[in-house]
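# Understanding the architecture of this molecule
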Amino acid sequence: MTSRNRQLGGAPGSIAALFLARVVLEGVCRPLPLPLVVAMGGLAGTGGFFLGLKLARRGVRLWPLLFLLPYIIWPRRDPEAAVGLALLAVLIWLACGEQLSLPRWVEPAADGATSAVALLFYFLTAAPDVLPADAGEFQAVAATLGVAHPPGYPLYTMAGHLFIRLFPWGSPAYRLNLMSGLLAAGTLVLVAQATRRWAHRLGASPSVGLISGLAVSLALGTATTFWAQATIANVRTPTAFFAALCLYALSRFSTAADRREADRALVLLGLGLGLGLGHHPSLAFVSVFFLLYLVLVEPRLVIQPRRWWKGALVALAAGLLPFAYIPIRAAQGAPFAPPGRDTLTGLIHHVFAQGFSGDMFAFANPTDLPHRLALLPTLFPFQFNGLLLALALVGLLGLVWRDRRLLALLGGSLALHTFVSITYRAPQTVEYMMPAYLPTAVAVGLSPITVRGSRFGIPWFSLLAAVTLWAGLLNGWAHAPSFFELAEDRVARETVEPLLEEAPEGALILADWHWFTPLRYLQLVEGLRPDVEARYVYNVPGEEYRQTWQRRVQEAETGRPVLLTHFYEFDGYITEPWWTGFRVHPRPLEAPTAPLTSVEASFSGVEVVGYTLEQGRFHPGQVVEAAVAWRAAEAVDPSLSLTLRLLDAGGGYIANADRTLQADVAPGEVRFERFALPLYPTLAPGRYQVVLGAYRTTEAGFEDVPTPEGETVVRLAWLEVEPLDRAPFTLHRLSTPFSDGPTLVGVDYDRSEPDELRIYLRWRGPVGEGWRARVRSADGQEVQVALPPLPAGAYQTVAVDLGGGAEELRLGLTNGAGRAVAAAGPWGAAVGQVSLPTPGADVRFVALGEDLALVGVQGRPAPPGEPVVVDLELVGLRPLVQDDHTSVRLMDEEGWWLAIHDSQPAMGAIPTLKWIRGSKVRDRHLLAVPEGFSGERVQAVLAAYEGFRMTTLLPMDERFEVVPLGWWRMLEMRK
């Protein structure tokens, strides 16, 4: 190491000083004169060189400072990159120190710290209340000792009930959420210990082994789905815990000092396998490679039953005994217990989940499998950043030479469980894959062990160990804000509690599974409205889901109030918006039953009865929902439409939402129209008015229909739109402050329209009156746009439209006095114009509501009658708690639909309920142009909607009603 210091001389010191100088200069957040920047850089570089030379002669390890060099020449101001590189240099300096023997207490202390930190973060980000879908069921079942859906999860139910009884704080729902954090922390400790044992067996030093254990905990603990499951009631975290227990037992077996220790590891493995398989049978697939690893490590074990019969007996007992709970509680009438589960036949049907038998390997066929395999580039980056995935690959490849038995265990279990998960017909693939994330993380931890020796005075295995730790920290840094935001989520209670509380006496609530379980939790655990019946509407084979709902409505007792959690309109019924759900009435309905804000207005025989308008704090990027009740005073004109408009304070048009009225409404009958008004991201904060009008469609165009008083619109309400208080999502993160003005924090581009480039500039205030931005391209185009006034710390998006060929973009700013304002560029040096990232040839950025954004499109057209593949690249703009669907449609040149494909994203594999901010998902759609189609071109368009209330996710772009994806010439396809 001393020779390496002499060879480098003072260079590392100079690099460190230049790095610090740049950080200080940029930290001023103001443009600085170039001579000052040069002088500061020169002084820092010179002083750092001589200081570094002096320290090098004393043997101080300085070469890790070389990793600060990239930021010195980085072409943009980026404080996060500077912090990240500084952290990397520190980690490398620590990891590459003298390889000393560690005291025995260090590894237990590391496990204790891992557990404590994990518990802290998981408890701080735990869901605070009742949850929807399966999580709500588990909360209700554990609190009341009920029977969960197949295979029943009796062990989880009993353990959860005990935890709820023993844990002293919060509601039962919250306590069960915390139990997941406890299990997740235990999982991290187990995989860390297993990784350390394998690392030491492969020759790692104590310090590198310690770092490998910490790295695997970070990689797994910060994975998107693992962290999400650690904060909610679920059965995936226990599955991961038992898989980790098995890996730990296998590591003990393979590193046992004697036969007695190895045999104890076999008993522990039996316990883990028995409890794991009894909890969830999916562990059967990875257990194949668990057992294979045993045989590979010690082949004679097969002919030595005396060594493993105890473990087998423990596994059998641990796996089967908890299932005695199901018939006992079913006979006692436990909540959620289906009839007949207290019989042997019913128990077998439940435990073996025979109702789901057709779902296993449903997509393992030549037609579906290629499209399921196409999910792989999404599934793992959804969890881990690119550096972690690269390290996992390095770890697996390194085991080809270092330990092929361990490669068979990790690679085999990873591959098999992934295959089983992606071919299983269920919409939670990212959750089913939890056991596959464990070997991926272990491979990350073992990656440093694949590099041997030291060259150029650098211990490369220690260097790589530090990089693994750094990659895990980056993963956590990217994911943590979303989970802290989700820790405030109370959507389930806010949705179902008003529905229950305001339901008429003796009402029937028909609910999908998502909302049925929190409804039952509130009734069973909190005793809310026992007079109301909540009934689950499940899928019936051979019947469309909508038809099932209609049949359930028709089967309800005459005169009984019927409420829905799902929005549907049925023949012979009226669906009325009712608080957070809907109420179904037989036709005709002569008066609304839900509370409305009254309004007196009429348009050509249509009397407006009242309206509801979403309340709350509004900000740019939101969609405002409203409903209008109207009564037909006479026969309805079929060309008549109602329009809800958003106007500025001076009456200027901003946005609108229209609904064509149905003509089959009898005089005196009441109907309801639902509207969604977009508050575009470029909308300036301020006061806006919502007005209602009407128009009819004629051959000459649109004709306003006035009220009897001659007014074309009726004012309904005022909206206060506040500025954003957090940075909007952006694909191109920037940090460029302008003198005495705003900071450019991001830029995005969209080429959805041919020959046009839309640029979204993301600003953080303050912005004064009269400030303007000017964008100029290399081909001479220049556009100026006003920036709305903005307080300090608030955010605003501004759109600029240029010709489609625009490139080499430069941005300038002028203040309220019309003078050009300098920006702080790299090193804080003043620049007159800022160079923006170069837009690609097919860039996309179209926000869909405030949930998603379309950021890429790839189409694979085909002749009529054959599948057309459309791959969308979607990104989450925030952590999502609602189930959004995407709909791709093929249309002819006249706008008529030729084909349509609706689904949850990624063919149902990754519902948006699982997304956090920045999650990127490939969303594949398969469509076919009808065989008889004779047109020349087809167009693909995209729409999106929320899956329960069926609310449209409007394109946050005033140019589009649906998002254009592209045109294809069919003549070329036919050839």
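Everything numeric here is computed off the predicted structure, so don't read it as measured data. (Residues numbered from 1 in each chain as written. Predicted model: local features only at pLDDT ≥ 70, side-chain atom pairs only at ≥ 80, totals over all residues. Heavy atoms only, no water.)

Moving on, we come to the sheet that holds strand β22 (residues 795-803). An order of β17-β18-β19-β22 is seen for the four strands of this open sheet, with the pairing classed as antiparallel. Since the sheet does not close on itself, it has two edges, and those belong to β17 (732-737) and β22, each with one partner. Across this sheet, the average inter-strand angle for adjacent strands is 25 degrees, counted without regard to direction. Strand direction decides the pairing type here: strand β19 (residues 756-764) and β22, joined by nine bridges, are antiparallel. Following the sheet pairing, L761 is matched in β22 by V798. (Pairing = 2+ DSSP bridges. Helix = DSSP H or I, 4+ residues; strand = E, 2+ residues; numbered from the N terminus. Axes fitted to C-alpha atoms, helices over the stretch in contact; angles between N-to-C directions.)

Within the fold, R307 resides in helix α15 (residues 305-320). Residue class for R307 comes out buried when judged on its relative accessible area of 9%. Side chain to side chain, R307 and D263 meet in a polar contact 2.9 Å long. Residues within four places of R307 in sequence aside, it is in contact with F253, R259, A262, D263, L266, E298 and L301. (Buried < 20%, exposed > 50% of the residue type's maximum accessible area, 1.4 Å probe, protein only. Polar contact = N/O pair within 3.5 Å; in protein donor to acceptor, adjacent residues only side chain to side chain. Contact = heavy atoms within 4.5 Å.)

A few words on the side chain of T912. As for its placement among the helices and strands, T912 is situated in the loop between β32 (897-903) and β33 (920-928). Within the local environment of T912, its side chain forms a polar contact with the backbone oxygen of Q882, the two atoms lying 2.6 Å apart. If near-sequence neighbours (up to four positions away) are discounted, T912 is found in contact with L852, L880, Q882, D883, D884 and P905.

Let us look at the sheet that holds strand β34 (residues 937-946). With antiparallel pairing, four strands are arranged side by side in an open sheet as β32-β31-β34-β35. Looking at strand neighbours, the two that pair on one side only are β32 and β35 (963-969), the edges of this open sheet. Looking at each pair of strands side by side, their axes are set apart by 20 degrees on average, direction ignored. Sheet analysis places strand β31 (residues 884-891) next to β34, joined by eight bridges and oriented antiparallel. Within the sheet, the bridge partner assigned to D884 lies in β34 and is E946.

Turning next to a nonpolar patch on the surface. Taken together, the side chains of V117, L120, F121, L124 and F484 define a hydrophobic patch exposed on the protein surface, amounting to about 440 Å² of accessible area. A relative accessible area of 46% places V117 in the partly exposed class. (Patch = residues over 30% accessible without salt bridge, like charges linked within 9 Å, V, L, I, M, F, W, Y side chains within 5 Å. Areas by Shrake-Rupley, 256 points an atom, 1.4 Å probe, with all protein chains shown as cover. Salt bridge = Lys/Arg side-chain N within 4 Å of Asp/Glu carboxyl O.)

What follows is about unusual backbone geometry. Glycine aside, residues mostly have negative phi, and peptide bonds are mostly found in the trans state. Put simply, P150 and P151 share a cis peptide bond, and its omega is 5 degrees. Looking at the secondary structure, you find P151 in the loop between α7 (133-144) and α8 (154-166). Along the chain, G765 connects to P766 via a cis peptide bond; the corresponding omega equals 25 degrees. With respect to the helices and strands, P766 occurs in the loop between β19 and β20 (772-776). A positive phi angle is found at F336, which is not glycine, with a value near 70 degrees. Counting through the fold element by element, F336 comes out in the loop between α16 (325-331) and α17 (344-351). At W579, a residue that is not glycine, the phi angle is positive and equals roughly 50 degrees. Mapped onto the elements, W579 comes out in the loop between β6 (573-578) and β7 (581-586). Among the residues examined, W579 registers a relative accessible area of 44% and is labelled partly exposed.

Counting across every chain of the model gives 49 salt bridges. Residue D129 pairs with R493 through a salt bridge whose shortest N-O separation is 2.5 Å. Taken together, the positions of D129 in the loop between α6 (106-124) and α7 and R493 in helix α25 (residues 491-501) put the pair 364 residues apart, joining distant regions of the chain. A residue is classified by how much of its surface remains accessible, and R493, at 15% relative accessible area, is buried. For the salt bridge of E782 with R774, the shortest nitrogen-to-oxygen distance reads 3.9 Å.

Here helix α10 (residues 206-221) spans 22 Å end to end across 16 residues, near enough to the 22 Å set by a 1.5 Å rise per residue. Counting buried residues along α10, 13 of its 16 residues qualify, which places the element largely inside the surrounding structure. (Expected span 1.5 Å × (residues − 1).)

Inspection of the entire model under this criterion finds 30 aromatic pairs. A centroid spacing of 5.9 Å and a plane angle of 85 degrees characterise the contact between Y545 and W549, whose relative ring orientation is edge-to-face. With Y545 and W549 both in helix α27 (residues 545-555) and four residues apart, the pair spans about one turn of that helix. These aromatic residues form a ring-pair network of at least three members: F121, Y122, W227, F483 and F484. Over the ring of F567 we find R674, and its NZ or CZ is 4.3 Å from the ring centre. The ring of W718 has R687 lying over it, and the distance from NZ or CZ to the ring centre is 4.2 Å. (Phe/Tyr/Trp six-rings, centres within 6.5 Å; stacked < 30°, edge-to-face > 60°. Lys NZ or Arg CZ within 6 Å of the ring centre and 35° of its normal.)

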